[in-house]
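Here's the letter readout for the chains.
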Amino acid sequence: MSLDDYKFNIESAVQIIDEAYDLWQEHHNEPVGENVKFLPDFQKYKAIENAGNLRVYTVRYKKKLIGYSVFMVVPHHHRVQVIQAENTLFFLTKEHRKG
């Protein structure tokens, strides 16, 4: 695997939902297993993104989506005058992890 084969991007959650679904399922099953149903609220993600408060950073290997980091841009819970980005999801497929 050459580093040149990896591409990092900012992408729209709405545009990659179908492509990312299996990856999100894999991510969900890793820490909690299949006992807890995977049921994301895609309409809420769409609304948050349409409001300009969602950032999705992706990594692709030879154009295939292999990972993501998702941030919600929101006021801080204790200091509302401070805007922060909360990382809500971070995942990279096992075959591309090292260490």
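Fair warning: this is a prediction, and the values are worked out from it, not measured in the lab. (Residues numbered from 1 in each chain as written. Predicted model: local features only at pLDDT ≥ 70, side-chain atom pairs only at ≥ 80, totals over all residues. Heavy atoms only, no water.)

A. Layout of the pairing of strand 3 (residues 64-75). Judged from the 8 bridges that link them, strand 2 (residues 54-61) and strand 3 form a sheet pairing that is antiparallel. Paired with Val 59 across the bridge in strand 3 is Gly 67. Between the antiparallel neighbours strand 2 and strand 3 lie 2 residues, among them Lys 62 with a positive phi of about 50°. Here strand 3 runs beside strand 4 (residues 83-92); their pairing, made up of 9 bridges, is antiparallel. Looking at strand 4, one finds that Gly 67 is bridged to Leu 92. (Pairing = 2+ DSSP bridges. Helix = DSSP H or I, 4+ residues; strand = E, 2+ residues; numbered from the N terminus.)

B. A look at the environment of Arg 55. Within the element layout of this structure, Arg 55 appears in strand 2. A sequence separation of 16 residues divides Arg 55 from Phe 71, and the C-alpha atoms of the two residues are 5.1 Å apart. Setting aside residues up to four positions removed in sequence, Arg 55 forms contacts with Ser 69, Val 70, Phe 71 and Val 73. Among the polar contacts made by the side chain of Arg 55, one reaches the main-chain carbonyl oxygen of Gly 52 at a distance of 2.9 Å. (Contact = heavy atoms within 4.5 Å. Polar contact = N/O pair within 3.5 Å; in protein donor to acceptor, adjacent residues only side chain to side chain.)

C. Looking closely at the side chain of Thr 93. Structurally, Thr 93 can be placed in the segment after strand 4. When residues no more than four places from it in sequence are discounted, the contact partners of Thr 93 are Leu 23, Glu 26 and Ile 66.

D. Spatial organisation of the pairing of strand 2. Most of strand 2 is tucked away, with 6 of its 8 residues classed as buried. Where strand 1 (residues 6-11) lies against strand 2, 6 bridges are found, and the strand directions are antiparallel. Note on strand 2: the bridge partner recorded for Glu 11 is Val 56. (Buried < 20%, exposed > 50% of the residue type's maximum accessible area, 1.4 Å probe, protein only.)

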